[in-house]
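Coordinate inspection notes
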Amino acid sequence: MDVEEVLAKMPEPRDAPEFALTGNQDEVAAERKPEMSEERRAAKALEARLLGGDRVLKRRDVASGAGVSLMSARKLWRAMGFPNLGDEDVAFTVNDQEALTRVVAMVRDGLMEEEAAISVTRAIGQMTDRMVVWQIEALVEDMVVNQGISDAAARKRLVAELPAMIDPLEEMLVYSWRRQLNAAVQRLAVRAQSGLESSEEGRDGDEDDAPLPLARAVGFADLVSYTSLSRRMNERTLAQLVQRFENKCAEIISIGGGRLVKTIGDEVLYIAETPSAGAEISLALAEAFSADEILPQARVSLVWGRILSRLGDVYGPTVNLAARLTALAEPGGTVLVDSMTAASLSQDDRFVLDPQEPQNVRGFGEIQPVVLSRGTGHGLVLD
């Protein structure tokens, strides 16, 4: 059979489908596209609500709309903690452009310089990032415990349950920010000078911390044997221990009028405006951990001196000395202070001071530690 005969016996080719010729490819793609799952639809709806709309803008669109260069916009986005995006990524909403415009307007109106705007933006980004992670984990843990579901199931269910919480959580955030801003203005501006004046006693002006602008009592509390304990705990037990530790510290420090600066695993750093307030908080922490049936005991130290407050943290020799003294402190219901702090508390009969043998402290030379314990009175009244 020759080639012509073979070709003659082959069926005629059918016409191509009409949609292939008339430009209806989108309909075919839609027919083939798998249906979006309920979970995915819920996640998309939640994103649209949280972002205030769909992602319709590229980064150059947002920068242009705010009237700034792309470089300036990227500085602010990096400060906020946003990931780096390409020119073709449609990742921004109209709300993103409005937020950038507001920050730029504060610089243009002379309310702050660009460097300050970046620092303020970074504070918002870092604090809210930690806050939302904390909130999500708390909500997931609540569902695991009270609804009897797995961690993975709780994380999926959160997407469906979160919309009902958005408005009250947002209102609480704004309320708390205003209260905290007022308190910070009082501490860091209105009462700053009086704190410096009260720290003058016993100083000659040559101290390492003399140039620093704030006088504060700086304390550390460090759980004993936390590392060895954590190795023997499962995830749930370790989470409960960490939460109990942080909750107890936050409660006592707040009642005492101090500020919890940060927690680092098994350690908490806090400050107070006066030596006596710091001493009351420190003794309350030491006593609370000694009495707790679940938490291990803690080593606690306190130093009164001058500090630098930046980026939500505190710095300076006072902070470093307090950290060093923590390692020397004995666990139990007492607190270790330095001689300068002891001198500032010596006339207060609420406290008993017991000088110890001088010790060589790394970075500070010879220091005389003093054990601080409870004198008269009942200390902080805890609920």
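Because the structure is a prediction, the values reported are computed rather than measured.

**Looking at the layout of surface pockets**
Roughly 550 Å³ of internal volume is contained in the second largest pocket. Taken together, 18 residues make up the lining of the second largest pocket; nearest its centre are Trp134, Glu137, Ala138, Ala239 and Gln243. Every element with two or more residues in the lining of the second largest pocket is listed here: helix H8 (114-147), helix H9 (151-161) and helix H13 (235-255). Counting residues per element, the lining of the second largest pocket draws most heavily on H8, which supplies eight residues. Looking at the lining of the second largest pocket, its residues break down into seven nonpolar, three polar and eight charged.

**Quick notes on the pattern of salt bridges**
Evaluation of the coordinates by the stated rule reveals 17 salt bridges. For aspartate 167, the salt bridge identified is with arginine 49, shortest N-O distance 3.5 Å. Residue aspartate 167 is found in helix H10 (residues 166-190), and its partner arginine 49 is found in helix H4 (residues 38-51); the two are separated by 118 residues along the sequence. A salt bridge links glutamate 137 to arginine 155; its shortest N-O distance comes to 3.0 Å. Residue glutamate 137 is found in helix H8, and its partner arginine 155 is found in helix H9; the two are separated by 18 residues along the sequence. The class for arginine 155 is partly exposed, based on a relative accessible area of 35%. Each member of the salt-bridge network shares a partner with another, and the members are Glu280, Glu287, Asp348, Arg350 and Arg374.

**A word on unusual backbone geometry**
For leucine 311, which is not glycine, the phi dihedral falls at a positive 60°. Mapped onto the fold, leucine 311 is located in the loop between strand S4 (298-310) and strand S5 (313-315). On the basis of relative accessibility, which here comes to 65%, the residue leucine 311 falls in the exposed class.

**As for the packing of aromatic side chains**
Given two aromatic rings, their pairing is described by the distance between the two centres and the angle made by the two planes. Under the criterion given, the structure shown has two aromatic pairs. Taking the centre distance of 4.6 Å and the plane angle of 25° together, the rings of tryptophan 77 and phenylalanine 92 count as stacked. With tryptophan 77 in helix H6 (residues 70-80) and phenylalanine 92 in the loop between H6 and helix H7 (94-108), the pair connects residues that are 15 residues apart, well separated along the chain. Taken together, a centroid distance of 5.6 Å and an interplanar angle of 35° make the contact between phenylalanine 245 and phenylalanine 289 tilted. With a gap of 44 residues between them, phenylalanine 245 in helix H13 and phenylalanine 289 in helix H14 (residues 275-291) connect regions that are remote in the sequence.

**Here's the deal with empty space enclosed by the protein**
Following the criterion strictly, the structure yields one cavity of 30 Å³ or more and no others. One number sums up the size of the largest cavity: a volume of about 30 Å³. Lining the largest cavity are Arg187, Arg216, Gly257, Gly258, Arg259, Ile271, Ala272 and Glu273.

**Focus on H13**
Over its 21 residues, H13 extends 30 Å from the first C-alpha to the last, a length consistent with the 30 Å expected when each residue adds 1.5 Å. The complete set of buried residues in H13 reads Leu241, Phe245, Glu246, Cys249, Ile252 and Ile253. For H13, the buried positions fall inside an angular range of 140° around the axis, keeping them on one side. In this structure, H13 carries Glu235 and Ser254 as exposed residues pointing more than 90 degrees from its buried face. Lining the buried residues of H13 we find H8, strand S1 (214-223), helix H12 (226-231), strand S2 (259-264), strand S3 (267-272) and H14. Where H13 begins, one side-chain oxygen reaches toward the backbone nitrogen of threonine 237, 2.8 Å away; that side chain belongs to asparagine 234. Two residues or fewer after H13 comes glycine 257, characterised by a positive phi angle close to 80°.

Scoring rules and cut-offs
Residues numbered from 1 in each chain as written. Predicted model: local features only at pLDDT ≥ 70, side-chain atom pairs only at ≥ 80, totals over all residues. Heavy atoms only, no water. 1 Å grid on protein atoms, 1.4 Å probe; cavity = no way out; pocket = protein on both sides within 12 Å on 5 of 7 lines; lining within 4 Å. Points joined across faces, edges and corners; volume = space filled by probe spheres on them. Helix = DSSP H or I, 4+ residues; strand = E, 2+ residues; numbered from the N terminus. Nonpolar A, V, L, I, M, F, W, Y, C, P; charged D, E, K, R; others polar. Salt bridge = Lys/Arg side-chain N within 4 Å of Asp/Glu carboxyl O. Buried < 20%, exposed > 50% of the residue type's maximum accessible area, 1.4 Å probe, protein only. Phe/Tyr/Trp six-rings, centres within 6.5 Å; stacked < 30°, edge-to-face > 60°. Expected span 1.5 Å × (residues − 1). Arc of directions from axis to C-beta. Contact = heavy atoms within 4.5 Å. Polar contact = N/O pair within 3.5 Å; in protein donor to acceptor, adjacent residues only side chain to side chain.

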